[in-house]
Amino acid sequence: MSHLIHEKSAREKRAFARELKRVEEEARRKAIRDREQFKGLQIAPTASFEDDAEGREPGDENWTGYGFDVHPHVTFVSTIVLVAFILLTLMFKESANEFFEAAMHGITGTMGWLLVLVANVFILASVYFAFSRFGRIRIGGSDAKPEFSTPAWFAMLLSAGMGIGLMFWSVGEPIFHYASPSPMFNGIEALTPEAAQAAMGVTYFHWGVHPWAIYAIVGLGLAFFAYNRGLPLTIRSVFYPLLGNRIYGFWGNLIDVLSVLATLVGLATSLGLGVKQVNAGLNTLFGIQIDVPTQVTLIAVITAFATLSVMAGLDKGVRRLSQANMILAAVFMLFLLLVGPTIFILSGFTQNLGYYLSIFPELSLWTETFRGTNWQGSWTVFYWAWWISWSPFVGMFIARISKGRTVREFVLGVILIPTLLTFVWMSVFGGSALFVQSHGLADIVAAVNENVATAMFAMLDHFPLSQVLSLAAVVLVVVFFVTSSDSGSLVVDHLTSGGKLHSPTTQRVFWAVMEGVIAAVLLIGGGLATLQTASVSTGLPFAFVLLISVYSLYVGFSQEAYVENAVKRAVSDAIDEKRLQEAVSTAIDGETLEPSRIPSG
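Here the structure is a predicted model, which means the values were calculated and not measured.

The rules behind the values
- Per chain, residue numbering runs from 1 following the sequence as it is written.
- Where totals are concerned, whole chains, interfaces and linings use all residues; where local detail is concerned, this predicted model gives features only for residues with pLDDT of at least 70, and gives and counts side-chain atom pairs only at 80 or more.
- The side-chain values count all of the structure's non-hydrogen atoms but skip hydrogen atoms and water molecules.
- Two kinds of site are reported from a 1 Å grid over the protein atoms alone, namely cavities, where a 1.4 Å probe fits but cannot get out, and pockets, open sets with protein on both sides within 12 Å along at least five of seven lines, and residues are called lining when an atom falls within 4 Å of a point.
- Grid points are joined across faces, edges and corners, and a volume is the space filled by probe spheres set on the points.
- Polarity classes work like this: nonpolar for Ala, Val, Leu, Ile, Met, Phe, Trp, Tyr, Cys and Pro, charged for Asp, Glu, Lys and Arg, and polar for all others, with Gly in that last group.
- What counts as a helix is a DSSP run of H or I of at least four residues, what counts as a strand is a run of E of at least two, and both are numbered from the N terminus.
- Pairing of aromatic rings covers Phe, Tyr and Trp, the last counted by its six-membered ring, and requires centre-to-centre distances within 6.5 Å; plane angles under 30 degrees mean stacked, over 60 mean edge-to-face, and any other angle means tilted.
- Exposure is judged per residue with a 1.4 Å probe applied to protein chains only, and the accessible area is read against the type maximum: over 50% gives exposed, under 20% gives buried, and values in between give partly exposed.
- Distance and angle both matter: a charge sits over a ring if NZ of Lys or CZ of Arg is within 6 Å of the ring centre and within 35 degrees of the ring normal.
- One fewer than the residue count of a helix, multiplied by 1.5 Å, yields its expected span.

(A) Representation of empty space enclosed by the protein. Inspection of the entire model under this criterion finds four cavities of 30 Å³ or more. The space that makes up the largest cavity amounts to roughly 120 Å³. Looking at the lining of the largest cavity, its residues break down into three nonpolar, five polar and six charged. The space that makes up the second largest cavity amounts to roughly 70 Å³. Lining the second largest cavity are Ile217, Val218, Gly221, Ile235, Val238, Phe239, Leu546, Ser549, Val550 and Leu553. Only helix 7 (209-227) and helix 20 (528-593) provide two or more residues apiece to the lining of the second largest cavity. No other element matches the four residues that helix 20 contributes to the lining of the second largest cavity. Each residue belonging to the lining of the second largest cavity can be placed in one class, and the counts come to eight nonpolar, two polar and no charged.

In structure tokens, the structure reads:
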């Protein structure tokens, strides 16, 4: 008899589970129909958000032929702009450097304050999204599960973020600020303990929370609208709440064109810095001359390796290279930590972290208004523009690996863990360089002033196995170059193919070659100053795109939260109703089973 009761109970539970599923689906459909339609800046208000993708397939308007599968408007406009830039720079090499310097001074002198302000907006937006009611929203829907373990996710986040930049600036920047303290630190003398502390504080500032907050906003928008709303994995999709279906028209094309230009120039800046450091390393190891022709030749050779990686495919190419590079980078850092001034480095990390936190508010909003200088133009403003132009590349990578994470988990994971690991890296290399310099073991300041790309190798000369370490540094930069070029071509490929995840190999090879060409042209046009100018020039207009995307993301989250809350209420009501029915049924059954009391005669 008991088994019949258990079977009946199981049938009832299954039936109730099906009923809850029906209630959830009906509540979701009703909530999507009833939620408030956004009309603010929207160009073409959409009648219904029930089906955001509207049956559109990524790349359904593409042009195909000659081994290409591209969105014609985005690809052709971007290519025309880039080719025009390349030709003009090569045709007017003598005046190109002067033009870039004047452009850099003009942009940073008049609009630097805006980039400083914008970078802080991204931090505030990230914190708000993480700790508001939106923090519980899950990327990919309420039932989505993470595709990668948390340690693997953190490792991939770090590998995506900065790469070549960490190698190039981890020694050069702290030493530069040690010898020439920022105007913000009024009264600090160069080459003093106070200057060393300020140098590490500014370095932490440039490589800390601000860049990762920018990446978090871009990655969060791409992930949410791709995985929760079924839209193409391109920047234009982030603007769906504001533009509606016009993301498939002129405005969407314009957004993706700006994204392509920003990404390519940001990548070219990193590749240009990387090849300058490779040239410096080869000079240390083999005496190869440091000049622009050598660097252009190196770009051609390393780009050829990147092309081979592209042809090998994502799994066999960039994945294996990335894993090998992260292992080599970790071994490189740990070796230097152990053979170097270990206690000095670890103590410095702790003190530098506290100092960074103490000066964070002032540094974040400082614009040297009352000094009449433009120190920030070559440092803070350049960095913020560089991170902004780099953000579509990093953001898209982060989006692809973050399905199943909640908004809170996403934001905290993307900002906090990579920031701390970056600080460890900067403390090991920058701290070692400051130790060598401050104890009179070498004049790294002179190396930085002569050519900042040589700073790493000048420092490594004073540690055991210096030749081996220098060779490892060169290999690291080369592999970072290859993986950045390969991954970058993949991201640009998404943007120029209407969001398609798979496209012809020929197409990715084209973009890998284009990245190398742009990096070479920027070096020919003026070297480091030109690389900085290019990043600022593309980062500034793209900053406006990202600012609007913050508001669009807020609207998208509001719509999602409305639907999820409506579903929860409906399911909760159904459960309460079921419990009430069971209680009533139990009460009735109890009265039926109780013996009747018949009054006596």
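(B) Representation of the packing of aromatic side chains. The final tally for this structure, using the stated rule, is 41 aromatic pairs. Ring centres of phenylalanine 68 and phenylalanine 510 lie 5.8 Å apart, and the angle between their planes is 80°; on these two criteria the pair is classed as edge-to-face. Residue phenylalanine 68 is found in strand 2 (residues 68-70), and its partner phenylalanine 510 is found in helix 19 (residues 505-524); the two are separated by 442 residues along the sequence. Residue phenylalanine 68 is classed as partly exposed on the basis of its relative accessible area of 23%. Centre to centre, the rings of tryptophan 169 and tyrosine 383 are 6.3 Å apart; their planes meet at 70°, and the pair counts as edge-to-face. Taken as a pair, tryptophan 169 in helix 5 (residues 164-179) and tyrosine 383 in helix 14 (residues 380-401) lie far apart in primary sequence, 214 residues in all. Of note, arginine 405 hangs over the ring of tryptophan 153, and the distance from its end group to the ring centre comes to 4.5 Å.

(C) Structural detail: helix 9 (residues 250-286). For helix 9, spanning 37 residues, the distance from its first C-alpha to its last is 53 Å, which sits close to the expected 54 Å at 1.5 Å a residue. When you tally the buried positions in helix 9, you get 30 out of 37 residues, the bulk of the element.

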